[in-house]
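Structural overview for review
One letter stands for each residue in the lines below.
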Amino acid sequence: MYLHMGQNEIVSDHRIIGIFDLDKCSYDKRTREYLTAAEAEGVVLDVSGDLPKSFVVCDHPYHRQIVYLSQLNTTTLQKRAESRKLEL
């Protein structure tokens with residue numbers, strides 16, 4: 001199964017580590033440090049096309065992890081993940 005995160009970006013659901021609300025999590029110092037370090041490593045992909053509302057942390061075959069910034073909120077992403085409608 002795959003999760004569509006917007007802007008034609010899909011990720012295999014077994015690679016997803018976590019889906020996080022950017023507004024709620026960005027207040028925490030550790031989250032800000034994590035996202036800053038990930039951006040410095042070049043493993044942040046902005047697929048929002050606009051103001052991001054959430055970020056999805058995934059395993060990646062060539063990097064330790066990869067972070068996708070999405071314009072979709074966490075509830076929408078969770079519903080998409082639970083519906084299991086996107087199969088390739």
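Up top is the structure these notes are about.
Scope of this entry: the structure provided in the associated data block. (Residues numbered from 1 in each chain as written. Predicted model: local features only at pLDDT ≥ 70, side-chain atom pairs only at ≥ 80, totals over all residues. Heavy atoms only, no water.)

A short note on the environment of Phe55
Note the cut-off: In DSSP terms, a helix is any run of H or I states spanning at least four residues, a strand is any run of E spanning at least two, and both are numbered starting from the N terminus. Note on contacts: a residue pair is in contact if any heavy atoms of the two residues lie within 4.5 Å.
Residue position: Phe55 is located in strand 5 (residues 54-58). A sequence separation of 17 residues divides Phe55 from Leu72, and the C-alpha atoms of the two residues are 9.0 Å apart. With sequence-adjacent residues up to four places away left out, Phe55 is seen in contact with Gly18, Ile19, Phe20, Leu22, Cys25, Thr31, Leu35, Val67, Tyr68 and Leu69.

A few points about the pattern of salt bridges
To be explicit about the condition: One side-chain nitrogen of Lys or Arg within 4 Å of one carboxyl oxygen of Asp or Glu is enough to make a salt bridge. Think of it in three bands: with a 1.4 Å probe and only protein chains considered, a residue is buried below 20% of the maximum accessible area for its type, exposed above 50%, and partly exposed in between.
This structure, assessed with the given rule, holds one salt bridge. Among the ionic pairs, Glu33 bridges to Lys29, the shortest N-O distance being 3.9 Å. With Glu33 and Lys29 both in helix 2 (residues 29-41), this residue pair falls four residues apart, about one helical turn. Residue classification places Glu33 among the partly exposed residues on the basis of a relative accessible area of 44%.

Quick look at the environment of Arg15
Structurally, the position occupied by Arg15 is in the loop between strand 2 (9-12) and strand 3 (16-21). Overall, Arg15 belongs to the partly exposed group, its relative accessible area being 29%. Residues Arg15 and Val57, 42 residues apart in the sequence, show an inter-C-alpha distance of 8.6 Å. Here Arg15 is in contact with Val57, Cys58, Asp59, His60 and Pro61, once residues within four sequence places are set aside.

Focus: the pairing of strand 6 (residues 66-70)
Rules: The pairing criterion is simple: DSSP has to find at least two bridges between the two strands.
Among the five residues of strand 6, five are classified as buried, and the element is accordingly described as predominantly covered. Residues of strand 6 alternate between two faces, with Ile66, Tyr68 and Ser70 on one and Val67 and Leu69 on the opposite face, all of them buried. As judged from the three bridges shared by strand 4 (residues 44-46) and strand 6, these two strands associate in the parallel manner. Across the sheet, Leu45 pairs through a bridge with Tyr68, a residue of strand 6. Two strands pair when backbone bridges link them, and strand 5 and strand 6 are joined in this way by five bridges, in the antiparallel orientation. Across the sheet, Phe55 pairs through a bridge with Leu69, a residue of strand 6.

Some details on the side chain of Ser48
As a reminder of what qualifies: Between N or O atoms, a polar contact is any pair within 3.5 Å; within protein, one atom must be a potential hydrogen donor and the other a potential acceptor, and residues adjacent in sequence are included only when both atoms are from side chains.
As for its position among the elements, Ser48 is in the loop between strand 4 and strand 5. Judged by relative accessible area, which is 2%, Ser48 ranks as buried. Within the structure, the side chain of Ser48 is placed 2.5 Å from the backbone oxygen of Asp50, a separation counted as a polar contact. Discounting chain neighbours no more than four positions away, the residues touching Ser48 are Gln7, Leu69, Ser70 and Gln71.

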